[in-house]
Structure formats: structure tokens, C-alpha cells
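Structural features, examined
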Amino acid sequence: MNTTPSKTTTPSTTTPPAGTTDPAEGSADAVTEEATAQDSLVKDPAPKDTTGTPSDAADSGTAPDDLAGQSDDDDDDDDALEPDPFDEARHGVGAGAAAVVSAALGVVALTGAWTGRVAAERETLIGQIQTSGGGSAAQQISEIYGDAWHTTALVNGVFAVLALLVGVFVLVRPAFGAPSERPQPTWVRAVALAGVALGVLGVLISAGMYFDLFVSLPTAGVPAGG
């Protein structure tokens, strides 16, 4: 009979060789990595390889506004460069009016004015009064006709000088004072030049009338001796 207690054997736990992993530990690590990847996807839904960034999206959103602002500035610059029709209409109004006045005065100097006729009639009346008490024929011609003729020439000459002065002022005005951005309109210079020409012609004609260069005063015939 064997009285030696029998030895119980326990399952031997063997250590895996170096360089190998435990299958249980490998499965646990895989589960942990998968959970970590899912959490990262939940926290960062945007893919990493996208070329656009939030700042780029913001820049692209503000780009149309910048383009719209630039287009508005360009429109304002174009409006500033384009001439205002109202400014164009107002430009040269005063010079044009003065040119028309000059031409009108020149026409009056050549055709005569009612002021000249009134002044001539006044001189005629004065001559009649002075010669009513008696006087020679030559004196009556000079007092009644000659003075009225010379007065008409003097009044027409005054109108001619005014036409000449106003026309010359319109022509030489751009050379004095503040320089203008736009040249004087052509029609203003043309009308002013016409006024100057009429003024010069009126001055010459009035001077010839006043000094009896064109026609002389009539003379009384010598009465026949008896």
C-alpha cells in the first residue's frame, strides 16, 4: 500500500515567447483604437484633407462685398469724370450774354436809336428858337440842321464805342482772372467778334458824320444883286 500523498498538478501557465502578443490583449487594443477613432470623427467631422479652411470660407464670403464696393467706387469715379450737363449749360452764360449785347449795340450804332432822334429834335427846336428873332440863312442852317445832324452822329458814336468795349472785354476776359478748366465756347467768341466789328464800323461812320467828312452842310445861295 502506497502511503505517499499524491501530487495535484495545476495548469501550467507558460509565458509567450518574446516578440509575440497575447491574442486577448490584441483584441482589446483593437477595440480601444476603434473607439478612439470614432470619438475623433464625432469631435472633428471635417476631413483633414480638405483644402478649404474656415478662414478661406470667410474670405470667400467677403470677396463679393469687396468687389461690390470696388464697383461702386469705379462708378463714382466715372460719374466724377463725366461732365455735368448743368455745369456745361451754365458755363459761358455771362460771356455769351455780353457778346450778344455787344452785337446789339453795334447794330444800334449803325441804324440809329430813338435817343438819337429825340436829341436831334431837341437841337432842331433850340435852333428854331434862337433864329426866330432873325438871322442869316447860314446861321439858320447851322442852328437848325447842322446841330441836329451832329447830335445824331454823337449819340450813334457812343453806342458804337460801347459795342466795341463790351466785345473786346468778352474776347480778352479768359486771359485775366482765374483760369477756367474749359475754353470759351466758339459761338461766344464769334458773336463778340461781330460786336467788335460793328462797333469799329459805327465809330468810323459816326466820326465821318460829326466832322462832315461824308457830306457837308448845305450852304445858302448868294442873293442876286439888284
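In this text, all values refer to a predicted model and were calculated from it rather than measured experimentally.

Some thoughts on the overall build of the chain
Counting its secondary structure elements, the chain contains seven helices and zero strands. When the helices and strands of the chain are placed in sequence order, the string is α-α-α-α-α-α-α. By the burial criterion, 16% of the 226 residues in the chain qualify as buried. Within the chain, residue pairs in contact and separated by at least 24 positions form 82% of the contacts whose partners lie at least 6 positions apart. Here the chain displays about 16600 Å² of accessible surface, and carbon together with sulfur accounts for 64% of that area.

Notes on the environment of L110
With respect to the element layout, L110 can be found in helix α4 (residues 93–111). Looking at L110, the relative accessible area reads 35%, which means it is partly exposed. Measuring from C-alpha to C-alpha, the distance between L110 and S206 comes to 8.6 Å, with 96 residues separating the pair along the chain.

With respect to the packing of aromatic side chains
Within the structure shown, the criterion is met by two aromatic pairs. An angle of 25 degrees between the planes, with centres 6.2 Å apart, marks the rings of Y145 and W149 as stacked. In this pair, Y145 and W149 both sit in helix α6 (residues 137–172), four residues apart, roughly one turn of the helix. With 5.3 Å between their ring centres and 85 degrees between their planes, Y210 and F211 make a pair best called edge-to-face.

Thoughts on the side chain of T151
Mapped onto the elements of the fold, T151 is located in helix α6. Assessed through its relative accessible area of 17%, T151 is described here as buried. One polar contact links the side chain of T151 to the main-chain carbonyl oxygen of D147, over a distance of 2.7 Å.

A few points about the pattern of salt bridges
Following the criterion strictly, the structure yields one salt bridge and no others. Residue R122 is joined to E123 by a salt bridge in which the shortest nitrogen-to-oxygen separation is 3.9 Å. Judged by its relative accessible area of 53%, R122 falls in the exposed class.

Re α4
In this model α4 runs 27 Å from its N-terminal to its C-terminal C-alpha over 19 residues, within 8% of the 27 Å that 1.5 Å per residue would give. Inspection of α4 places G96, A99, S102, A103, L105, G106 and A109 among the buried residues, and these make up the whole buried set. In this structure, the buried side of α4 is in contact with α6 and α7 (186–210). G112 occupies a position one or two residues after α4 and carries a positive phi of about 95 degrees.

With respect to a nonpolar patch on the surface
Residues L110, L154, V158, L162, L201, I205, Y210, F211, L213, F214 and V215 make up a contiguous nonpolar surface patch of roughly 1100 Å² in combined accessible area. For the nonpolar patch, the elements supplying multiple residues, two or more each, are α6 and α7.

Here's the deal with α7
For α7, built from 25 residues, the straight-helix expectation of 36 Å at 1.5 Å per residue is met to within 8% by its first-to-last C-alpha distance of 36 Å. Along α7, the positions that sit buried rather than exposed are V188, A192, G195, V196, G199, G202, S206, G208 and M209. Among the structural elements, α4 and α6 are those in contact with the buried residues of α7.

Regarding the confidence of the model for the chain
Looking at the chain as a whole, the pLDDT averages 74, with 56% of positions reaching at least 70. Predicted confidence is poor over residues 1–17, with pLDDT under 50, and the contacts of this stretch with residues over four places away or in other chains come to zero contacts. Counting interchain partners and residues more than four positions distant, the pLDDT-below-50 stretch residues 45–58 has one contact.

Describing the packing of helix α5 (residues 114–130) against α6
Their axes nearest at 8 Å, the elements α5 and α6 cross at an angle of 155 degrees. The angle between α5 and α6 places the two elements in the roughly antiparallel class. The crossing of α5 and α6 is right-handed. Along its contact with α5, which presents T115, G116, A119, A120, E123, T124, G127, Q128 and Q130, the element α6 presents E143, I144, D147, A148, T151, T152, V155 and F159.

The rules behind each value
Residues numbered from 1 in each chain as written. Predicted model: local features only at pLDDT ≥ 70, side-chain atom pairs only at ≥ 80, totals over all residues. Heavy atoms only, no water. Helix = DSSP H or I, 4+ residues; strand = E, 2+ residues; numbered from the N terminus. Buried < 20%, exposed > 50% of the residue type's maximum accessible area, 1.4 Å probe, protein only. Contact = heavy atoms within 4.5 Å. Areas by Shrake-Rupley, 256 points an atom, 1.4 Å probe, with all protein chains shown as cover. Phe/Tyr/Trp six-rings, centres within 6.5 Å; stacked < 30°, edge-to-face > 60°. Polar contact = N/O pair within 3.5 Å; in protein donor to acceptor, adjacent residues only side chain to side chain. Salt bridge = Lys/Arg side-chain N within 4 Å of Asp/Glu carboxyl O. Expected span 1.5 Å × (residues − 1). Patch = residues over 30% accessible without salt bridge, like charges linked within 9 Å, V, L, I, M, F, W, Y side chains within 5 Å. pLDDT = per-residue confidence, 0-100. Axes fitted to C-alpha atoms, helices over the stretch in contact; angles between N-to-C directions. Parallel < 35°, antiparallel > 145°, perpendicular 65-115°, else oblique. Left-handed = near helix turned anticlockwise from the far one by under 90°.

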